[in-house]
Amino acid sequence: ILAISGTEIAAPNTTVTAQAAEANETEVFFTETSEPGSFRLFDGSLDAVEITDSTVKLNDGNFEKWIDRINVPEEMYTFYETLEEASDNDGVDDFLIEDEFFTADDGSIEAITVIESNEITSEKQNYIAECILATFEAFLRDHPEVFWLSGSSSIGISTPNIADPYTYVYSLILYYGESTDTTFDGRAEEYPDETAIKQAISDRDGRVNEIINNIPADADIIDTITYFNDTLTKTNQYNTSDDLSGIPRSCHKSISALMGRSGTNGPVCDGYSSAFKVLCDKAEIPCVLVDGTAASDGSGGGGHMWNYVSVYGNWYATDVTWNDPVPSSSSGDVVSGYENHNYLLVGSD
C-alpha cells in the first residue's frame, strides 16, 4: 500500500519522503512542539503494539472493505471511524470539511494521537506512521463519496517538553493536504473552503438521489447494476485532454462522473469507478474499487481502476470506463453511440 523510505527516525525539522497509493508525494516529517493539536484521535499507550515487520502487511483472505485488508493495530480502526465522522457532513466534528479545523499556522489540520511510553524506538515510530497512512488510504478507497481532498497527507511526530523526564509523549500530527512550500491544505483546488465543499456535497447528494429514485420499479439487482452503468456511460465523455497528468483533480473523483461531465472536465477511470461504487453503496449492493495494470490488446498497459460487484453471492468485474469507449473520430457528444456492456458483470473467463 505504501512504504516509508529509510528505517531511522529523522532528526527534528528534517523530512523523510514516502510514497502513497495515489502516487502523490507524501511526507513524514518531525518537529518539536510543546502544544498538541486540537483534534484528538485516541488517547493512551501504544506500548502493546507488536512489530513483526517494519511495513504494514495485508491480511490473508478476501475482504469487502480495504480497512479489513490491512493488518494494523486495533487503534487504527478508531482512527478510521474518526475519518468517517469527519467527512459525513452532519455538523459534528467534520474536520475534513469545515473551515474552523483549517486554522493551523501552516494551513494544516492537526489530528493528534498521544503515545505515552518509557521508551519508544524509531522502528516503532516509523511503523505507527505507516499504519496511519495505510489506514488513511484505506478510508479513501472505502469512501469514494469523499471527493474534495487533495490526495496527499503528512505526519509529524513531536516530543513535547513534559514534567516527567522518564516518560516520553509523542504527538502524531496528521496533516491532510498537498505541500506547497510550507503550506498544507487538505482540500483540492476546486474546493478551497467549506462553502464550496458543502455546495458540492449537496449537488452530489441530489444527483445520487435522482439516479436512485429513477431505478425501474421492477428492476432486480442485475437490472439495477446495468442501469447504473448506462447512466454513467450516457451522461459522461471520457476526458479529452491531451495531457491527463494535468487535468483537474475532480476528474479522478466520483463527483465528475456522478454529475455528468465532458471534454477536458470529463472523468477518467477512477472517476467512473468511484461513481459506480457510490451508486452501488447507496443501493446496498456490495462493490469494491480495484486497481492495477490493464491493456485491451494484451500488450503493454497502464494504470487503471475498475470495480468488483457482488451478485447473488458471486463477484464479477465491471469496467464502466471501458463500457464508454472513445471512438477514433468523435463528434464530441456525450453520447457517442459506442456505449456498451462488454465489460459489465464479467467473470474470470
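Here is what the cut-offs are and how they apply
Along each chain, residues carry numbers from 1 onward, in the same order as the chain's sequence is written. In keeping with the predicted nature of the model, local features appear solely for residues at pLDDT of at least 70, side-chain atom pairs appear and are counted solely at 80 or more, and the whole-chain, interface and lining totals rest on all residues. As a rule here, side-chain values come from all non-hydrogen atoms in the structure, and water together with hydrogens is ignored. Here a strand is any run of E in DSSP of at least two residues, a helix any run of H or I of at least four, and the numbering for each starts at the N terminus. Three labels apply to residues, based on accessible area from a 1.4 Å probe with only protein chains included: buried if under 20% of the type maximum, exposed if over 50%, partly exposed otherwise in between. Here, residues are in contact when the closest pair of their heavy atoms is within 4.5 Å. One confidence number per residue, pLDDT, is output by the predictor and ranges from 0 to 100. Strand pairing is assigned whenever DSSP identifies at least 2 bridges connecting the two strands. As a rule, the C-alpha atoms of each element are fitted with a line to give its axis, helices using only the stretch in contact, and angles between N-to-C directions run from 0 to 180 degrees. Expected helix span is given by 1.5 Å per residue-to-residue step, counting one fewer step than there are residues. In the analysis that follows, any N or O atom pair within 3.5 Å is treated as a polar contact, provided that within protein one partner can donate a hydrogen and the other can accept it, and provided that, for residues neighboring in sequence, both atoms belong to side chains. We call a pair of cysteine sulfur atoms a disulfide when they lie within 2.5 Å. Starting at the helix axis, one direction is taken to each C-beta atom, and the arc is that of these directions. In this count, Lys and Arg are taken as positive residues and Asp and Glu as negative ones, while His and the chain termini are left out. Any carboxyl oxygen of Asp or Glu that lies within 4 Å of a side-chain nitrogen of Lys or Arg is treated as forming a salt bridge with it. The criterion for an aromatic pair is that two Phe, Tyr or Trp rings (for Trp, the six-membered ring) have centres within 6.5 Å, with stacked assigned to planes under 30 degrees apart, edge-to-face to planes over 60 apart and tilted to the rest.

### Examining the overall build of the protein
Looking only at helices and strands, the protein features six helices and 14 strands. The burial tally for the protein puts 48% of its 349 residues in the buried class. Counting contacts in the protein only where the partners sit at least 6 residues apart, residues at least 24 apart contribute 63% of the total.

### Structural notes on the confidence of the model for the protein
Residue-level pLDDT values for the protein average 77, and 67% of them are 70 or greater. Here residues 1-44 scores under 50 on pLDDT; set against residues more than four positions off or in separate chains, the count is 125 contacts. Low pLDDT, under 50, characterises residues 178-182; the predicted model gives this stretch eight contacts beyond four residues in sequence or across chains.

### Re the sheet that holds strand β12 (residues 287-294)
Through backbone hydrogen bonds, the strands of a sheet pair up, either in parallel or in antiparallel fashion. A sheet is described by the order of its strands in space; here three strands give the open sequence β12-β13-β14, paired in antiparallel fashion. The sheet terminates laterally at β12 and β14 (314-318), the two strands that pair on one side only. Adjacent strand axes in the sheet meet at a mean angle of 35° when their direction is disregarded. As paired strands, β12 and strand β13 (residues 302-311) are joined by eight bridges and run antiparallel to one another. Counterpart to Cys 287 in the pairing with β13 is Val 309.

### A closer look at helix α4 (residues 221-234)
The end-to-end C-alpha distance of α4 is 20 Å, a good match for the 20 Å that 14 residues give at a rise of 1.5 Å each. Among the 14 residues that make up α4, ten are buried, leaving the element largely enclosed by the rest of the structure. Every buried residue of α4 is accounted for by Thr 224, Ile 225, Thr 226, Tyr 227, Phe 228, Asn 229, Asp 230, Thr 231, Leu 232 and Thr 233. Elements that come into contact with the buried residues of α4 comprise α3 (194-213), α5 (254-259), α6 (269-282) and β13. For α4, the capping residue at the N-terminal end is Asp 220, with a side-chain oxygen 3.1 Å from the backbone nitrogen of Ile 222.

### Focus: the side chain of Thr 82
Topologically, Thr 82 is positioned in helix α1 (residues 75-86). Among the polar contacts made by the side chain of Thr 82, one reaches the main-chain carbonyl oxygen of Thr 78 at a distance of 2.8 Å.

### What about the state of the cysteines?
Taken as a whole, this structure holds zero disulfides when the rule is applied. Counting only cysteine sulfurs, Cys 280 is the nearest neighbor of Cys 287, a cysteine outside any disulfide, at a range of 4.2 Å.

### Observations concerning α3
Count 3.6 residues to each turn of an α-helix, and residues three or four apart come out pointing the same way. Spanning 20 residues, α3 covers 28 Å between terminal C-alpha atoms, matching the ideal 28 Å at 1.5 Å per step. Where α3 is concerned, the buried positions are Ile 197, Ala 200, Ile 201, Arg 204, Arg 207, Val 208, Ile 211 and Ile 212. What you see down the axis of α3 is that its buried residues fit within an arc of 135°, all on one side. Every exposed residue of α3 that faces more than 90 degrees away from the buried side is listed here: Thr 195 and Asn 213. With a side-chain oxygen positioned 3.3 Å from the backbone nitrogen of Thr 195, the residue opening α3 is Asp 193.

### With respect to the side chain of Asp 270
When you line up the elements, Asp 270 lands in helix α6. At 6.8 Å, Arg 249 is the nearest oppositely charged side chain to Asp 270, a buried residue that forms no salt bridge. A polar side-chain atom of Asp 270 sits 3.0 Å from a polar atom in the side chain of His 252. What Asp 270 contacts, discounting residues up to four positions off in sequence, is His 252 and Met 305.

### Some thoughts on the packing of aromatic side chains
Following the criterion strictly, the structure yields six aromatic pairs and no others. With a centroid separation of 6.2 Å and 85° between ring planes, the pair formed by Tyr 80 and Phe 139 is classed as edge-to-face. Of this pair, Tyr 80 sits in helix α1 while Phe 139 sits in helix α2 (residues 122-142), and the two are 59 residues apart along the sequence. Tyr 80 gets classed as buried once you look at its relative accessible area, which sits at 4%. Relative accessible area serves as the criterion here: at 0%, Phe 139 is assigned to the buried category. For the pair Trp 322 and Tyr 343, a centre-to-centre distance of 5.1 Å together with 70° between the ring planes defines the contact as edge-to-face. Here Trp 322 is found in the segment after β14, whereas its partner Tyr 343 is found in the segment after β14, with 21 residues between them in sequence. Members of the aromatic cluster, joined through ring pairs, are Phe 147, Trp 148 and Tyr 191.

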